Amino acid sequence: EIPTHHKPDSMALISDLPKQKLREIATYLDRFPSTASRLDEERIDQENEFWRLLIRALNRVDRSMCNYTSVQIETLASESLNQKSPSLELLLNLQQMKDPPSLEVFVKCLKEIGCTKALNIFKSATPPRITQQPQAKLELTTGDELLLTCDAECEPPEPQFQWFKRQTPIPMATSKTLRIRRVNENYTEVYVCRVMNPHINDSQKATVFSNFSQVKVYPLNKSSLIQQETGGSSEPSHACPSLNAHPSSSDTIVITRHPRSTTVHHGETVELTCEAHCLGGGPVEYQWSSKLLKEKKYGAKFVATMSCAKHHESKFCFHCVVTSASGASKNSNEAVVTVQPIWFTEQPRPRIGYAGEKAVLICKAQAADPQENITYLWLTSKIQDRNFVPVDRELQTEDGVLSFDNLKDKDRGFYCCQAANRRFFLTSDVVRLDIRLRSDKEVNQVAPVIRVTKQPRSRVLCMNEKFRFVCEATCSSGDGLRYKWFKDGKEIPGETRNILEKCLVDLSDCGPYYCEVKTEGL
């Protein structure tokens, strides 16, 4: 077996790779487009999975080496219907050739198609290097959120993280960020993060530990128990620091609410909040800090309209500096605001359809650049959140609509849609499409069709103005109709007419409204 920490020999062939290594490569070739680099417009044609692009790349090197017919390619594609990997079948086929491609050519083709995760298997492994240490000291109040971050890099990328509470591993804390929603005094302890490169066999070279982070959690509204440190260096220590008692101080600032990380889209308004008080009862001042800010921002709330690069997401870090009247200050936890260049204006909804009838799933997205073209790719799986594969292109349209003209039992399953621009993609909610069979009674019975002839229109109003929504509909059977109005997804009591109106509006009336229309018999 070729070790993963050595680059491929120019004389080695793809047939020299063991089957286990082929399976690992195939998992990345099967994950298009979620593993795509998206640096080249040619690579984001979503009709082409990575393994199809690999065939073309090998064919450009030597037509006799990888001259597959369209029938052979679609035979490979059909392996996904049998819960098998088309990429693995392709790689095994390449191994069995009379003159299989060399590893040098194979790696060159992987680089050309942009399958970076498969390329990482052949990279020289390096020990992890910590690029961001966790905060050395952190003071919280009961009920606050604990947030520590340790970032690192290595070759191949994606090191493994494990957080420890002193010497005890924290269950499920295996990402670079340790987040505990609501802490209490039991979380007062020393924390450290272990970073490993799983591609290095020598555990001593593969492992590095972060600096220690000393966390102190104070009880809520018990000023007599809040203490202040005396002496000691502010530099992080490589030995577990002790938590010494210290005298109380009326100038101590207690932050009761830290700003929280959030995700917004381009042009959306973000609101961050920080709340604190001084034990001496004096006033406190809030000042927000970020590289993004060109001028000082004061106040417990920070509100801003966010923007990002047109083609990829941007991340901005904020924290609040709280200062007392005596000049004592304290920093809040850091909040990361992620701004996405694509956002969904309409998410797909779950559907129940009948065999032999039509059904439609709709997904709509918008981009930061109005002139940019958004491409859509529908994915499906029989098991929720697992093994999603692209839906047949004939069922999809360029504007995010998935249409079934004749529902069949094989169409039953879970669906989601990916909206993408050149360098970024976003995945919609996962919804379920259920297929049912109509009984003989239902088949012979023609269901009435309700058609909305007048839709309510959105309004922008000032305080104390009057608003009026009108919804009009007809029924094919001539039955009477019943109307129900909803606000924020909840029924408005007593509103059963086709008209919804209010004389004096206030802020509580803001929100989305819609009207549900049914026949009298339903």
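Everything discussed here concerns the structure shown above.
Residues numbered from 1 in each chain as written. Predicted model: local features only at pLDDT ≥ 70, side-chain atom pairs only at ≥ 80, totals over all residues. Heavy atoms only, no water.

Chemist: Explain the pattern of salt bridges here, please?
Modeler: Within this structure, the stated rule accounts for 19 salt bridges. When the shortest N-O distance is used, the salt bridge between Lys301 and Glu271 registers 3.6 Å. Taken together, the residues Lys301 in strand β17 (residues 301–305) and Glu271 in strand β13 (residues 269–273) connect sequence positions 30 residues apart. Two residues, Asp509 and Lys502, come together in a salt bridge whose shortest N-O distance is 3.0 Å. Judged by relative accessible area, Lys502 falls into the partly exposed class, the value being 31%. Three or more residues are tied together by salt bridges with common partners; here these are Glu145, Arg179 and Arg181. (Salt bridge = Lys/Arg side-chain N within 4 Å of Asp/Glu carboxyl O. Helix = DSSP H or I, 4+ residues; strand = E, 2+ residues; numbered from the N terminus. Buried < 20%, exposed > 50% of the residue type's maximum accessible area, 1.4 Å probe, protein only.)

Chemist: Is there a simple way to explain helix α4 (residues 86–95) in this structure?
Modeler: Residues three or four positions apart in an α-helix share a direction because the helix packs 3.6 residues into each turn. Buried residues dominate α4, accounting for eight of its 10 residues. Every buried residue belonging to α4 is among Pro86, Ser87, Leu88, Leu90, Leu91, Leu92, Leu94 and Gln95, and all of these are buried.

Chemist: I would appreciate a short explanation of the layout of surface pockets in the present structure.
Modeler: In this approach, a probe sized like a water molecule rolls over the atoms, and the result shows the empty space that is left. Looking at the second largest pocket, its volume works out to about 620 Å³. Around the second largest pocket, the lining comprises 24 residues; the ones closest to its centre are Gln132, Leu147, Thr149, Glu334 and Val336. A per-class count over the lining of the second largest pocket returns six nonpolar, 13 polar and five charged. (1 Å grid on protein atoms, 1.4 Å probe; cavity = no way out; pocket = protein on both sides within 12 Å on 5 of 7 lines; lining within 4 Å. Points joined across faces, edges and corners; volume = space filled by probe spheres on them. Nonpolar A, V, L, I, M, F, W, Y, C, P; charged D, E, K, R; others polar.)

Chemist: Please explain the pairing of strand β7 (residues 177–180) as it appears in this structure.
Modeler: Working note: regular strand, side chains alternate between the two faces of the sheet. With burial as the criterion, only one face of β7 is covered, namely that bearing Leu178 and Ile180; the residues Thr177 and Arg179 on the opposite face remain uncovered. The pairing of strand β3 (residues 146–149) with β7 spans four bridges and is antiparallel. Paired with Thr149 across the two strands is Thr177, which belongs to β7. (Pairing = 2+ DSSP bridges.)

Chemist: Looking at this structure, I do not really get helix α5 (residues 103–113). What am I missing?
Modeler: If you check which residues of α5 are buried, you get Leu103, Phe106, Val107, Cys109, Leu110 and Ile113. Each buried residue of α5 lies within a common arc of 160 degrees when the element is viewed along its axis, so the set occupies one face. Exposed residues pointing more than 90 degrees away from the buried face of α5 are listed as Lys108 and Lys111. At its buried positions, α5 is contacted by α1 (19–29), α2 (50–61), α4 and α6 (116–119). Among the residues trailing α5, Gly114 stands out with phi positive, at a value near 80 degrees. (Arc of directions from axis to C-beta. Contact = heavy atoms within 4.5 Å.)

Chemist: How should the packing of aromatic side chains be read in this particular structure?
Modeler: Centre-to-centre distance and the angle between the planes together describe a pair of aromatic rings. A complete count under the given rule lists nine aromatic pairs for this structure. Pairing Phe404 with Tyr415 gives two aromatic rings, centres 5.8 Å apart and planes at 75 degrees, and the pair type is edge-to-face. You can see Phe404 sitting in strand β27 (residues 401–404) and its partner Tyr415 sitting in strand β28 (residues 413–420), a full 11 residues away along the chain. The two residues Phe404 and Tyr415 agree in class, both being buried. Between the aromatic rings of Phe486 and Tyr514, the centroid separation amounts to 5.0 Å while the plane-to-plane angle is 5 degrees, which identifies the pairing as stacked. In this pair, Phe486 sits in strand β34 (residues 481–487) while Tyr514 sits in strand β37 (residues 513–519), placing the two residues 28 residues apart along the sequence. Judged by relative accessible area, Phe486 falls into the buried class, the value being 10%. (Phe/Tyr/Trp six-rings, centres within 6.5 Å; stacked < 30°, edge-to-face > 60°.)

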